[in-house]
Amino acid sequence: MMSGFSLDLGPLKEPLGFIRVLEWIFTIFAFATTGGYIGTSHFFVVCNNTDIPVEAHFYYPFRLQSESYRLPMCNGSQSKDTFLQGDYSSSAQFFVCVGVFGFLYCTATLILYLGYQSMYRQNTRGPIVDLAVTAAFAFLWLVSSSAWAKGLTDVKVATSPDHLVDVCGETCKAGDFPSMGRLNASVIFGFLNLILWVGNCWFIYKETPFHKDPEQQAAVEGGAAPGP
């Protein structure tokens with residue numbers, strides 16, 4: 001197959017290739033802003049008019065019930081391990097999984113567009129498969145972005161200092177909230193990907209035989225220019 005490779009950057013000037021590049025970039029942003037996240041929630045334990053700082057760390061994929069923090073005891077005994085509450089890994093991992101597979105598909109189709117453009121346009125099955133897979137990814141972006149947006153809301157509640165203070169009791173007071181800007185951006189990138197993948201379906205559809213008239217399709221398959 002590599003013998004038929006012929007690099008042509010022309011498709012990048014067309015909506016089909018240009019939007020695919022945008023999808024490639026925004027897909028990377030989507031899963032990169034979610035995976036590898038580390039957050040810290042702060043609050044204080046008040047013992048004898050002294051504020052003792054406590055930090056609760058949490059990480060992707062947000063299995064909070066397995067994340068512990070040391071809670072000081074005012075009676076002089078040793079600190080005890082206390083765990084955060086909730087497991088939001090399913091929505092986070094689903095979102096990242098869609099992003100990773102979307103990135104791989106964008107990479108494969110860009111190679112096809114730029115290196116095997118003639119094969120792509122002359123073979124009716126290529127655009128049809130491309131349309132079906134792109135539509136499937138658009139649906140997955142809708143589902144995963146919505147699920148992750150709800151999961152992120154739950155993560156914010158479970159890791160907020162106000163919630164941790166309620167669990168701790170009257171001897172605690174809230175501190176700084178964890179920085180969630182990166183995770184907020186991941187949700188935005190998820191829905192931007194939804195818009196891009198849905199919009200790209202139209203331009204891929206124009207390459208399929210469903211949009212082209214029979215004479216034009218026959219001319220393309222025969223390698224001749226369509227008649228007037």
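Because the structure is predicted, anything quoted here is derived from the model rather than measured. (Residues numbered from 1 in each chain as written. Predicted model: local features only at pLDDT ≥ 70, side-chain atom pairs only at ≥ 80, totals over all residues. Heavy atoms only, no water.)

## Overview of the pattern of salt bridges
What the rule picks out here adds up to five salt bridges. Among the salt bridges present, the one from lysine 173 reaches aspartate 51, with a minimum N-O distance of 2.7 Å. Taken together, the residues lysine 173 in strand β5 (residues 172-174) and aspartate 51 in strand β2 (residues 50-59) connect sequence positions 122 residues apart. When salt bridges that share partners are traced, they join Arg20, Glu23 and Asp130 into one network. (Salt bridge = Lys/Arg side-chain N within 4 Å of Asp/Glu carboxyl O. Helix = DSSP H or I, 4+ residues; strand = E, 2+ residues; numbered from the N terminus.)

## A look at the pairing of β2
Strand direction decides the pairing type here: strand β1 (residues 38-47) and β2, joined by ten bridges, are antiparallel. Its bridge partner lying in β2, threonine 40 is registered against histidine 57. Remark: two residues form the turn of the hairpin made by β1 and β2, two consecutive strands paired antiparallel; asparagine 48 in that turn has positive phi of roughly 55°. (Pairing = 2+ DSSP bridges.)

## Brief notes about the sheet that holds β1
Taking strand neighbours across the sheet as the criterion, the three strands line up as β2-β1-β5 in an open arrangement whose pairing is antiparallel. With one partner strand each, in any of the chains shown, β2 and β5 form the two edges of the open sheet. Sheet twist, expressed as the average angle between the axes of neighbouring strands with direction ignored, equals 30°. Seen against the sheet, helix α5 (residues 161-168) touches β1, β2 and β5 and runs at an angle of roughly 40° to β1. (Axes fitted to C-alpha atoms, helices over the stretch in contact; angles between N-to-C directions. Contact = heavy atoms within 4.5 Å.)

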